[in-house]
Protein chains: 6
Amino acid sequence: MMGYLFQGWNCRGPAKYRDMLLDTATEEIGHVEMLATMCARLLETSPVETEKAANDGGVVGAVIGGSDTQEAILAGMNPQHAIVTGLGAAPRDSQGNPWNANYIVASGNLLADMRFNVTAESQGRLQVARLYQLTQDAGVRDMFSFLLARDTMHQNQWLAAIEELKAEGLEDTPVPSNFPQELEMSEVAYRFMNFSEGEESKEGRWASGTSMDGKGEFEYVAEPQAMGPEMDELDPPVEPRLYSTPKQPMPPASS
Amino acid sequence: MMGYLFQGWNCRGPAKYRDMLLDTATEEIGHVEMLATMCARLLETSPVETEKAANDGGVVGAVIGGSDTQEAILAGMNPQHAIVTGLGAAPRDSQGNPWNANYIVASGNLLADMRFNVTAESQGRLQVARLYQLTQDAGVRDMFSFLLARDTMHQNQWLAAIEELKAEGLEDTPVPSNFPQELEMSEVAYRFMNFSEGEESKEGRWASGTSMDGKGEFEYVAEPQAMGPEMDELDPPVEPRLYSTPKQPMPPASS
Amino acid sequence: MMGYLFQGWNCRGPAKYRDMLLDTATEEIGHVEMLATMCARLLETSPVETEKAANDGGVVGAVIGGSDTQEAILAGMNPQHAIVTGLGAAPRDSQGNPWNANYIVASGNLLADMRFNVTAESQGRLQVARLYQLTQDAGVRDMFSFLLARDTMHQNQWLAAIEELKAEGLEDTPVPSNFPQELEMSEVAYRFMNFSEGEESKEGRWASGTSMDGKGEFEYVAEPQAMGPEMDELDPPVEPRLYSTPKQPMPPASS
Amino acid sequence: MMGYLFQGWNCRGPAKYRDMLLDTATEEIGHVEMLATMCARLLETSPVETEKAANDGGVVGAVIGGSDTQEAILAGMNPQHAIVTGLGAAPRDSQGNPWNANYIVASGNLLADMRFNVTAESQGRLQVARLYQLTQDAGVRDMFSFLLARDTMHQNQWLAAIEELKAEGLEDTPVPSNFPQELEMSEVAYRFMNFSEGEESKEGRWASGTSMDGKGEFEYVAEPQAMGPEMDELDPPVEPRLYSTPKQPMPPASS
Amino acid sequence: MMGYLFQGWNCRGPAKYRDMLLDTATEEIGHVEMLATMCARLLETSPVETEKAANDGGVVGAVIGGSDTQEAILAGMNPQHAIVTGLGAAPRDSQGNPWNANYIVASGNLLADMRFNVTAESQGRLQVARLYQLTQDAGVRDMFSFLLARDTMHQNQWLAAIEELKAEGLEDTPVPSNFPQELEMSEVAYRFMNFSEGEESKEGRWASGTSMDGKGEFEYVAEPQAMGPEMDELDPPVEPRLYSTPKQPMPPASS
Amino acid sequence: MMGYLFQGWNCRGPAKYRDMLLDTATEEIGHVEMLATMCARLLETSPVETEKAANDGGVVGAVIGGSDTQEAILAGMNPQHAIVTGLGAAPRDSQGNPWNANYIVASGNLLADMRFNVTAESQGRLQVARLYQLTQDAGVRDMFSFLLARDTMHQNQWLAAIEELKAEGLEDTPVPSNFPQELEMSEVAYRFMNFSEGEESKEGRWASGTSMDGKGEFEYVAEPQAMGPEMDELDPPVEPRLYSTPKQPMPPASS
């Protein structure tokens with residue numbers, strides 16, 4: 001939701017991309033509302049809640065000073081749902097880490113960002129599919145079937161946008177395609193380097209044949225060699241007033 | 001570096017993918033070393049350092065109690081390079097945020113992860129290209145030309161791996177392709193929903209034609225309607241012992 | 001504790017506020033000690049500990065390689081209390097997030113900060129009240145009865161300080177009251193805007209009558225209109241050397 | 001924006017509060033858009049940009065390998081605006097810390113949360129007022145005059161909601177008012193404790209007179225005494241298998 | 001692993017220290033691989049997995065919408081191992097906090113850093129020893145016996161490096177020893193100050209006798225006195241354009 | 001400050017250690033106050049402040065919409081000191097990262113923790129020494145001379161405590177010394193492994209001679225060999241309902 005909003009607001013490309021980003025960003029606000037509502041409803045009717053009705057000590061009691069094992073069983077519930085949010089949803093992951101903007105990608109380069117988006121929808125659909133398998137609750141599965149379908153659409157949507165960007169000549173592999181490729185060290189631009197034990201990696205599509213961007217030939221280097229000159233030592237004597245350890249004892253620094 | 005290591009260590013797919021991931025993870029350890037060395041060398045010979053030789057108060061002095069404006073000029077230098085690391089590199093971004101594993105993606109699903117990897121190399125090459133434009137230093141540009149070329153290879157490499165996974169029938173769009181698609185709400189699986197003002201988004205590839213996975217037809221919904229039943233209110237009275245605000249005043253909760 | 005310390009140390013207002021802040025900050029150091037002691041004592045005598053005496057594998061064993069279900073029951077215990085702190089308290093929340101200074105507010109404006117303080121004591125007393133309901137342990141409830149009473153005092157104390165600041169003419173609503181109000185766009189300063197579906201919000205005190213600061217009349221706008229000129233597009237062509245996506249394909253950037 | 005959304009979605013109180021919260025949450029999405037647009041426009045036309053047009057090395061060059069002092073001057077610009085976002089806005093604060101949900105408060109208790117909201121709008125209006133003083137740019141000041149007015153409204157709005165909650169008997173001081181006050185240690189519920197040097201704090205409204213909730217009398221305790229029994233030591237011998245330091249040397253723990 | 005890598009890459013001291021740091025950094029990459037492999041194997045064969053084979057709802061089901069208590073028992077498992085990593089390891093601690101570079105210390109001063117390293121290996125061996133006690137799994141204990149031995153070596157190794165640095169005259173207590181000690185306020189350089197209740201601290205080695213660096217005599221100060229002049233108040237009137245609270249009401253700030 | 005408080009509160013060892021920890025923790029509260037006061041005073045009289053008096057646009061104006069280069073010069077000041085704290089100190093580092101409890105170590109094992117403390121005082125004194133060199137301000141240097149002396153004491157104090165713990169038989173190298181050393185894989189407990197290029201590491205004290213704990217002989221292994229059996233692949237087929245990539249295509253998972 002936040003990523004698509006910022007990609008849309010920062011978009012300087014053709015209007016259809018900006019509008020499309022803001023369409024889907026708006027949809028995602030709704031998805032967050034759906035999830036928050038689901039959390040609140042499940043907390044209302046969870047076995048934990050039922051248990052608490054019959055048992056004054058309750059679930060968090062088990063953690064603090066509960067007196068029997070059965071209460072401890074229920075302690076798998078996130079205690080902050082009782083103590084902090086009063087059985088409401090919180091913008092945190094299942095381990096209590098707050099959502100944060102570290103994950104937001106909005107680079108201004110639409111191909112780079114659309115690749116991020118197709119990734120996000122892939123990880124997202126994968127996680128919903130796993131969750132689907134792990135519950136039998138019909139209402140929850142019903143909502144997941146909606147989210148799974150929307151993630152199907154969104155994977156297709158960002159892949160379509162990638163095709164469109166290429167077809168319109170706006171961007172291509174390697175991103176950014178507008179950087180003059182003669183300025184990169186071309187002899188290593190299509191070379192696969194075998195740095196770990198074993199050579200199974202030689203069997204893959206990435207080790208031979210035309211490169212995916214059609215601009216080179218993959219080459220497999222079984223024993224990559226250091227290319228630069230021998231690394232000189234970090235020569236200059238350390239700055240005495242910063243007290244890093246030198247090669248030889250030094251007189252005290254004046255102040 | 002950390003992402004490829006964990007993807008490789010956790011890989012249960014064919015050996016060539018695991019080996020390939022660990023090859024490139026190992027290469028990335030070297031890239032971090034190159035960058036750390038570059039930072040240390042630039043700090044040794046930067047104008048800041050030169051300035052300091054001639055001026056006892058120095059750069060950080062400008063921040064703390066410096067006496068003239070010229071020192072303040074240099075305060076754009078990250079003071080932690082002098083105070084915390086002694087002119088060495090630190091695993092932090094240009095704003096001082098420490099690197100962290102929030103960014104590490106290793107889901108076990110190789111297509112989902114390869115899509116992340118192609119994204120990472122796209123954002124990475126974009127950032128190096130921008131940095132290239134912003135410096136005239138020949139040594140720095142030389143190292144960037146190497147990194148740009150390797151990012152070209154890596155974008156191609158992960159795209160090739162994506163093709164290979166599809167060709168071998170291991171995974172496909174929509175990820176995860178093994179989830180039975182009849183369980184998702186198929187009527188919304190290929191529908192583009194126009195939720196923001198304007199209909200420029202109708203002009204894109206994502207709004208009509210066969211979907212990218214070949215399994216549906218894109219459809220443009222100009223005025224999407226709510227599909228579920230009217231949202232009931234969150235009905236049950238609030239749990240009195242958690243002191244959330246109810247619809248009506250309630251008697252005090254017993255303890 | 002940290003917030004009141006920094007508010008006190010940074011206070012430039014009348015001495016009674018500074019002294020009062022440091023009085024309560026010092027008290028809060030004691031509250032943290034009480035909580036740390038409570039944690040350590042509960043860990044000493046918890047059923048988990050008892051269980052471990054009779055069972056070599058113990059609680060964390062259940063997570064790592066335990067052999068029966070009963071051990072798993074106890075796994076609701078935070079394993080870091082055994083492994084990291086040796087049955088001592090740690091400055092972290094119930095989800096393992098370390099305490100941090102993101103929450104510290106010390107703006108220099110005492111009314112803004114006292115409002116934060118009354119909020120903190122309200123959330124704090126609410127959480128302790130919820131915890132009280134969730135345990136039957138007499139010793140824990142005894143300590144909570146002390147903390148609840150002190151939070152009652154502190155809510156009253158910060159509310160009293162707010163009254164005092166107003167009575168002394170040092171600050172008022174809207175904060176900061178010293179900003180010349182004619183410089184704000186007065187026509188929207190007391191207007192409630194109905195941006196979500198439904199008009200239930202019209203029924204509230206905030207939708208009509210004199211505003212709480214006595215300086216305006218609340219007005220309800222059922223259908224708020226955009227006020228600015230039509231948003232121009234972000235016009236200038238993108239900077240070619242930063243490789244953001246433009247409206248039209250561009251020639252490669254020189255370097 | 002995120003806080004009001006979650007407060008609204010989790011609200012179980014009267015409909016007018018929920019609707020009001022979602023009205024203002026929606027307005028705040030627009031405020032974020034306005035700020036993102038302002039950032040992008042300022043980056044387009046900043047002196048930095050102008051400077052770059054005339055100088056190939058540019059602003060970030062000054063940090064990496066620039067050759068003259070004037071470039072260093074400009075290094076006060078956040079380099080991530082050039083390198084990471086391509087002159088777009090990012091959801092981060094002025095020090096590069098990503099926005100995060102640590103700040104989101106949605107407790108289910110509307111008085112506790114409204115107090116948070118009036119705090120947020122007070123700190124917010126204070127910061128905008130400070131920014132207003134620090135720029136002469138007419139366009140920026142124009143937008144600030146709008147935001148200042150809206151923060152005036154929002155301070156009044158949340159204060160009005162607080163009055164309404166009290167008038168309707170839904171909540172009162174001390175929050176949560178529904179917790180039976182006889183269960184708290186009443187003798188310390190209205191006592192101000194003087195814990196730091198100096199007794200200036202005795203002069204405040206919080207030190208004498210009727211408490212703000214009308215339920216007690218403030219009392220000033222110049223020399224507060226410890227109330228509990230002498231703190232016993234943490235008695236039980238340390239668990240030998242956790243290797244904490246005991247009072248006496250212990251034999252090795254069996255395994 | 002990351003700390004030793006950065007200490008090695010940044011090392012400007014004698015080559016044997018740099019080489020030694022990179023030797024052990026490389027070994028630690030292997031330790032992380034061992035732990036990642038252990039996690040994956042335990043997840044494959046855990047009782048949770050077994051349980052799931054017999055029970056379609058599974059472990060996460062218990063959290064979301066499970067129907068019986070036994071499933072709840074198993075909810076102590078980190079659900080992200082199922083949902084996010086697909087039964088693979090993740091670079092996070094046992095509470096779900098991502099690993100981060102906040103912990104990385106590489107100051108350029110080798111004695112300061114070696115002291116950090118001996119600390120890290122001490123905390124590390126302590127935690128592995130605790131884990132050893134808490135599992136009966138032979139394979140896990142076997143791996144722990146290896147890690148315990150390596151931590152024994154590494155504690156000895158960093159202690160040996162500390163001796164070597166002193167013997168070679170490169171660094172000594174107090175770190176940094178090259179700072180001219182006459183510039184510090186020598187009268188408090190070996191004085192123990194008794195600031196908390198009780199004088200048990202008088203009995204320790206730190207309260208009398210020659211100091212550990214051989215350069216002073218420990219002295220016990222039972223009642224430390226403030227040394228500076230009476231703290232003046234923060235005198236200057238507050239800057240009116242920043243709206244902090246002053247001692248006296250002020251006229252509105254011009255803009 | 002926070003670390004010593006928690007170590008003291010959690011201490012179960014002899015009373016003199018607990019008392020000593022709380023003595024120094026209390027002293028550190030004072031150090032934080034001194035630093036906060038120093039920050040506030042420097043902000044009052046900094047050239048930035050002077051500049052602002054003569055120039056309405058001011059320092060932050062340079063960032064937002066300033067009109068001349070001289071203002072930009074001053075933008076090296078942390079703008080949050082003007083906007084967020086009103087020229088007061090904030091509990092953040094020089095890059096704006098909030099202080100947090102990630103750094104707090106309180107393990108219950110006093111030798112492990114005293115080693116942490118001597119590290120903290122070493123890094124701390126190193127950083128103050130560097131800052132001392134970077135300013136000419138007499139008042140600031142005066143305060144630094146006090147802090148340098150106290151860090152000298154504290155390095156000596158924790159080293160003395162380490163000696164005391166050993167002398168009293170409470171703890172020793174390797175920490176935890178109470179873990180039965182025969183349970184560790186003794187053949188690797190004193191072996192230095194040469195894993196990186198070059199054998200300079202052979203020349204150090206850690207490569208030969210009696211180990212520092214007196215319990216073994218250092219041994220240098222120039223070419224360390226893998227010790228375990230060949231790593232089997234992660235054998236079991238992936239759990240189909242979690243959609244990780246298998247070695248062979250699999251039929252869709254039932255739900």
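Predicted model only: the values in this text are computed from it and were never measured.

(A) Molecular detail of the overall build of chain A. Broken down by element type, chain A carries 8 helices and 2 strands. Of all 255 residues assigned to chain A, the portion counted as buried reaches 64%. Nonlocal contacts in chain A, meaning residues at least 24 apart in sequence, comprise 56% of its contacts between residues at least 6 apart.

(B) Structural detail: the interface of chain D and chain A. With 32 residues of chain D in contact, the opposing surface of chain A contributes 32 residues. Contact between chain D and chain A buries roughly 2,600 Å² in total, counting both sides, with carbon and sulfur atoms accounting for 60%. Between chain D and chain A we count 0 salt bridges in total. Here chain D is connected to chain A by 7 residue pairs in polar contact (both at pLDDT 80 or more). Elements supplying a minimum of two residues to the side of chain D that touches chain A: helix H1 (2-10) and helix H2 (15-45) of chain D. By residue number, the principal contributor to the side of chain D that touches chain A is H2(D), which donates 7 residues. Looking at the side of chain D that touches chain A residue by residue, the class counts come to 19 nonpolar, 8 polar and 5 charged.

(C) Spotlight on the sheet that holds strand S3 (residues 217-221) of chain E. Residue and element names in this part refer to chain E. Across the sheet, 3 strands lie side by side as S1-S3-S2; this open sheet has mixed pairing. A single partner strand is all that each edge strand has here, and the edge strands are strand S1 (191-193) and strand S2 (209-210). Note: S1 against S3, 3 bridges, orientation parallel. Looking at the pairing, Phe192 lines up with Tyr220 of S3.

(D) Local environment of the relation of the copies chain D and chain A. The operation relating chain D to chain A is a screw motion whose rotation component is 180°, with 0.0 Å of axial translation and a residual RMSD of 0.0 Å. In the structure described here, the two chain copies are related by an operation that fits a two-fold rotation axis. Using C-alpha coordinates, one finds that chain D approaches the rotation axis most closely at D:Asn100, a distance of 2.0 Å. Of the interface residues in chain D, 100% have counterparts in chain A that sit at the interface too, so the contact is made through matching surfaces.

(E) Focus on the interface of chain E and chain F. With 98 residues of chain E in contact, the opposing surface of chain F contributes 98 residues. For the pair chain E and chain F, the two sides together bury roughly 8,300 Å², of which 60% comes from carbon and sulfur. Remark: the boundary between chain E and chain F carries 2 salt bridges. With a closest N to O distance of 2.7 Å, F:Arg125 and E:Glu184 form a salt bridge. One can count 55 residue pairs in polar contact (both at pLDDT 80 or more) joining chain E with chain F. Only helix H2 (15-45), helix H3 (47-53), helix H7 (110-133), helix H8 (138-167) and S1 of chain E provide two or more residues apiece to the side of chain E that touches chain F. A total of 16 residues in the side of chain E that touches chain F trace back to one element, the largest contributor, which is H8(E). Tallied by class, residues from the side of chain E that touches chain F come to 42 nonpolar, 26 polar and 30 charged.

(F) The arrangement of the pairing of S3(E) in detail. All names here are of chain E. Where S2 lies against S3, 2 bridges are found, and the strand directions are antiparallel. Among the inter-strand pairings, Gly209 is bridged to a residue of S3, identified as Phe218. The turn linking S2 back onto S3 is made up of 6 residues, and Gly214 within it adopts a positive phi angle of 70°.

(G) Layout of the relation of the copies chain E and chain F. When chain E is fitted onto chain F, the two copies agree to an RMSD of 0.0 Å after a turn of 180° and an axial shift of 0.0 Å. The residues that chain E uses at the interface reappear at the interface of chain F in 100% of cases, marking a shared surface.

(H) A look at the packing of aromatic side chains. Applying the stated criterion across every chain, the model contains 42 aromatic pairs over all chains. On the basis of an interplanar angle of 75° and a centroid distance of 6.0 Å, the ring pair of A:Phe6 and D:Trp99 is categorised as edge-to-face. Pair noted here: A:Phe6 is in helix H1 (residues 2-10) and D:Trp99 is in the loop between helix H6 (80-83) and helix H7 (110-133), and the two residues belong to different chains. Taking the centre distance of 5.6 Å and the plane angle of 55° together, the rings of A:Trp206 and B:Tyr17 count as tilted. Of the two residues, A:Trp206 sits in the loop between strand S1 (191-193) and strand S2 (219-221) while B:Tyr17 sits in helix H2 (residues 15-45), which places them in two different chains.

(I) Layout of the confidence of the model for chain A. Residue and element names in this part refer to chain A. Averaged over every residue, the pLDDT of chain A is 86; the share at 70 or more is 83%. Within the model, the stretch residues 47-75 combines pLDDT values under 50 with 58 contacts to residues more than four positions away or in other chains. Scored as a whole, the predicted complex attains pTM 0.92, and scored at its interfaces, ipTM 0.89.

(J) How the structure looks around the side chain of C:Gln123. Relative to the assigned elements, C:Gln123 resides in helix H7 (residues 110-133). Looking at C:Gln123, the relative accessible area reads 11%, which means it is buried. Looking at C:Gln123, its side chain comes within polar contact range of the side chain of D:Asp113, at 3.0 Å. C:Gln123 has contacts with D:Val105, D:Ser107, D:Ala112 and D:Asp113, leaving out every residue within four places of it along the chain.

(K) Region of the structure containing H8(E). All names here are of chain E. With 30 residues, H8 extends 43 Å between its outermost C-alpha atoms, agreeing within 8% with the 44 Å of an ideal straight helix rising 1.5 Å per residue. Along H8, 24 of the 30 residues are buried, which leaves the element largely enclosed by surrounding structure. Two or three places before Gly139, at the start of H8, stands the capping residue Asp137, its side-chain oxygen 3.0 Å from that residue's backbone nitrogen. Gly169, located one to two residues past H8, shows a positive phi value of around 75°.

Cut-offs applied
Each chain has its residues counted from 1, running along the sequence as written. Going through the entries in the order they are written, you letter the chains from A and number the ligands from 1. Given that the model is predicted, a residue must reach a pLDDT of at least 70 before its local features are reported, and side-chain atom pairs must reach 80 or more before they are shown or counted; all residues, however, enter totals for whole chains, interfaces and linings. Only hydrogens and water are set aside; all other atoms, that is, all heavy atoms of the structure, feed into the side-chain values. Where helices and strands are cited, they refer to DSSP runs of H or I of at least four residues and of E of at least two residues respectively, numbered from the N terminus. Buried means the residue's accessible area, taken with a 1.4 Å probe over protein chains only, is under 20% of the maximum for its type, while exposed means over 50%, and partly exposed covers the values in between. Should any heavy atoms of two residues lie within 4.5 Å, those residues are counted as being in contact. Reported buried area values correspond to the accessible surface (1.4 Å probe) lost by two parts on association, with both partners' losses combined. We count a salt bridge whenever a side-chain nitrogen from Lys or Arg sits within 4 Å of a carboxyl oxygen from Asp or Glu. Here a polar contact means two N or O atoms within 3.5 Å. Within protein one must be a hydrogen donor candidate and the other an acceptor candidate, and residues neighboring in sequence count only if both atoms are side-chain atoms. Note on residue categories: nonpolar means Ala, Val, Leu, Ile, Met, Phe, Trp, Tyr, Cys or Pro, charged means Asp, Glu, Lys or Arg, and polar means any other residue, Gly included. Each pair of strands is called paired provided DSSP finds at least two bridges between the two strands. For this overlay, a least-squares fit was computed on C-alpha atoms, restricted to residues scoring pLDDT of at least 70 in both copies. Working definition: rings of Phe, Tyr and Trp (its six-membered ring) pair if their centres are within 6.5 Å, and the pair is stacked with planes under 30 degrees apart, edge-to-face with planes over 60 apart, and tilted otherwise. pLDDT is a residue-level measure of predictor confidence that goes from 0 to 100. Here a helix's expected span is defined as the number of its residues, less one, multiplied by 1.5 Å.

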